[in-house]
Amino acid sequence: MSREIRLVAIQGIPAIAPGDDIAALLHQAAGRSGVALRDGVLAVCQKIVSKAEGRVIPLPEVEPTPRAHAIAAEDGKDPRHVELVLRETRRIVRRGHGVLIAETRHGVVCANAGVDLSNAPGAEVAVLLPEDPDASAARLREGLIALGAGPLA
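What counts and how
- Residues numbered from 1 in each chain as written.
- Predicted model: local features only at pLDDT ≥ 70, side-chain atom pairs only at ≥ 80, totals over all residues.
- Heavy atoms only, no water.
- Helix = DSSP H or I, 4+ residues; strand = E, 2+ residues; numbered from the N terminus.
- Expected span 1.5 Å × (residues − 1).
- Buried < 20%, exposed > 50% of the residue type's maximum accessible area, 1.4 Å probe, protein only.
- Arc of directions from axis to C-beta.
- Pairing = 2+ DSSP bridges.
- Axes fitted to C-alpha atoms, helices over the stretch in contact; angles between N-to-C directions.
- Contact = heavy atoms within 4.5 Å.

Draft legend 1. Representation of helix 5 (residues 133-146) in the model. Compared with an ideal rise of 1.5 Å per residue, which puts 14 residues at 20 Å, helix 5 spans 20 Å between its outermost C-alpha atoms and is within 8% of the ideal. Within helix 5, the full set of buried residues consists of Ser136, Leu140 and Leu144. Take helix 5 and look down its axis: the buried residues cluster within an arc of 65 degrees, on one side only. Every exposed residue of helix 5 that faces more than 90 degrees away from the buried side is listed here: Asp134, Glu142 and Ala146.

Structure below.
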C-alpha cells in the first residue's frame, strides 16, 4: 500500500455556466492535462458546482428585509448580500469584522453562509452553496464514472 499523497491541478477548466455538465468538462480537462481520474479522490470547489446548478443570484433581484437592512447598516455590508445570507442561514453564530458567521441549512458553519460575491459571473452577482451538496457530489461522481474515470472515492 502506497503512503504517497499527490495533488495535481487540472488545467483548462472553462468558466462554468448554469446547466453545464461539469463531469464532462472535468473529464475533458483532465484528459488534456494528462491526469487520469481513477482510484483516487477528486476535490472540486463548490463554486463550479453551484454555478452549474444555477445557484447564482443577481443582487438587483434581491429585496432586503428590514432585518437585512439593520444588520447591513451595523456591519457596513450590502443589504442584498445580507438578505441572501439570512435566507441561507439556520442561525447566526457570530457577527463581527464585516462577516456573518452562520450555520447553513446544511449544518455547516462558515462565513456569510457560503454566499460568495467574489469570482462571480459578472458584477453584482452572488453564488450560493449547492442545495444538496451530497447529492451534487454523487451526481458528479456518477457522471465521471460513466465517462470512464474509474472508481473515485
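Additional details are given in the paragraphs that follow.
Draft legend 2. Structural detail: the sheet that holds strand 4 (residues 109-111). Strand order in the open sheet formed by 3 strands is 2-3-4, and the pairing between neighbours is antiparallel. Of all the strands in the sheet, just strand 2 (89-96) and strand 4 have a single pairing partner and so form its edges. Each strand axis lies, on average, 25 degrees off the axis of its neighbour in the sheet, ignoring direction. Lying over the sheet, helix 3 (residues 66-75) contacts strand 2 and strand 3 (99-104), oriented at roughly 20 degrees with respect to strand 2. Against the sheet, helix 4 (residues 79-87) makes contact with strand 2 and strand 3, and its axis sits at roughly 130 degrees relative to strand 2, the strand it touches most.

Draft legend 3. Focus on the pairing of strand 3. Relative to strand 3, strand 2 runs antiparallel, the two being bridged by 6 bridges. Across the sheet, residue Arg94 finds its bridge partner in strand 3, namely Ile101. Counted along the chain from strand 2 to the antiparallel partner strand 3, the turn is 2 residues long, and its residue His97 has a positive phi close to 55 degrees.

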